Amino acid sequence: MRRWIVAMSIILVALVAGGVTIALAGSGSATAPITKAQAVTFARAVNLAASDLPGAKKFEPPSYEVARDEQETAASWSRTLRCARPGIVIHRPIDVEKSSFVGSRWLVGSVVQVMPTEAIAAAEVAAFASRRGHVCFARAADVQITSENAPLGPYPVTATFIPLTRLLGSDAIGVRDLVRESFKGKHWFLHSDAVFFRVGPAEIAFSAVGKTPFPAATERRLLALLHSRAEAHKLS
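Let us look at the structure shown here. (Residues numbered from 1 in each chain as written. Predicted model: local features only at pLDDT ≥ 70, side-chain atom pairs only at ≥ 80, totals over all residues. Heavy atoms only, no water.)

## A word on the environment of alanine 208
Mapped onto the elements of the fold, alanine 208 is located in strand β9 (residues 202-210). When sequence neighbours within four positions are dropped, the list of residues in contact with alanine 208 reads Leu107, Val108, His191, Ser192, Asp193 and Phe214. (Helix = DSSP H or I, 4+ residues; strand = E, 2+ residues; numbered from the N terminus. Contact = heavy atoms within 4.5 Å.)

## Topic: the packing of aromatic side chains
For the coordinates displayed, the defined rule picks out 4 aromatic pairs. Judged by centre distance (6.2 Å) and plane angle (55 degrees), the rings of phenylalanine 206 and phenylalanine 214 are tilted. Of the two residues, phenylalanine 206 and phenylalanine 214, both sit in the buried class. An aromatic cluster is present here, built from Trp106, Phe206 and Phe214 joined pairwise through their rings. (Phe/Tyr/Trp six-rings, centres within 6.5 Å; stacked < 30°, edge-to-face > 60°. Buried < 20%, exposed > 50% of the residue type's maximum accessible area, 1.4 Å probe, protein only.)

## Here's the deal with the pattern of salt bridges
For the coordinates displayed, the defined rule picks out 7 salt bridges. One salt bridge in this structure joins glutamate 97 and arginine 44, with 3.5 Å as the shortest N-O distance. With glutamate 97 in strand β3 (residues 95-102) and arginine 44 in helix α1 (residues 36-46), this pair connects stretches of sequence that are 53 residues apart. When its relative accessible area of 14% is taken as the criterion, glutamate 97 is described as buried. Between arginine 176 and glutamate 219 there is a salt bridge; the shortest N-O distance is 3.6 Å. Remark: glutamate 219 occurs in helix α6 (residues 216-232) and arginine 176 occurs in strand β7 (residues 173-183); sequence separation between them is 43 residues. Linked by salt bridges that have partners in common, Glu118, Asp171 and Arg198 make up one network. (Salt bridge = Lys/Arg side-chain N within 4 Å of Asp/Glu carboxyl O.)

## Brief notes about the side chain of glutamate 219
Glutamate 219 sits in the buried class, given a relative accessible area of 2%. When sequence neighbours within four positions are dropped, the list of residues in contact with glutamate 219 reads Ile162, Arg176, Asp193, Phe206 and Phe214.

## A word on α1
Those residues of α1 not exposed but buried are Ala39, Val40, Phe42, Ala43 and Val46. Burial along α1 is one-sided: seen end-on, the buried residues are contained in an arc of 165 degrees. In α1, the exposed residues that point more than 90 degrees away from the buried face are Ala37, Thr41 and Arg44. Buried residues along α1 sit in contact with β3, β4 (106-114), β9 and α6. (Arc of directions from axis to C-beta.)

In structure tokens:
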């Protein structure tokens, strides 16, 4: 049987491998750095779980796929940020935690990464606020499906941006892509939703991929859940 891999270049896999504790302030500041332990606790408290979507089951790819995807996605994330804002300095997060699960018809996931400071997180999210940033984000959110015998390549058809200001804040960005896939003369469409927002120094991503559109009401409920958890456990 062919082994299919669904990989979204920003989401569904960790953006980078776990980082290290980084000082947040100069010697004269009273602000304490966020520790690795604090970042891990926060991310795990915020991330979605299979229980958040009735009937869903946790999705865990083989470890060798995770290691490969983490490397590929870290490089992709850097390219996406530099596409959105050339010259931006790429910072290593303190911690990245991911969660992905399979529902009845969709693969759903969330990623929480804690950056060294709120200013760094704000700058990265703000990179996608421009028209150029929107284009770069939409391209990065395309679904890529590969198998042992299939060529790589999404064929995006449409990209529609999702209004999220009231739900997640003014700097949130979300896009719905309709992607045309082909293999051995057969063609089909996939629907993918990608959302990216910030709470304090934490960057949070959400994704849903399936052959039919992910229900809008369910998506808003899951996004509200991510946002409320992040606010409840907010790091400073």
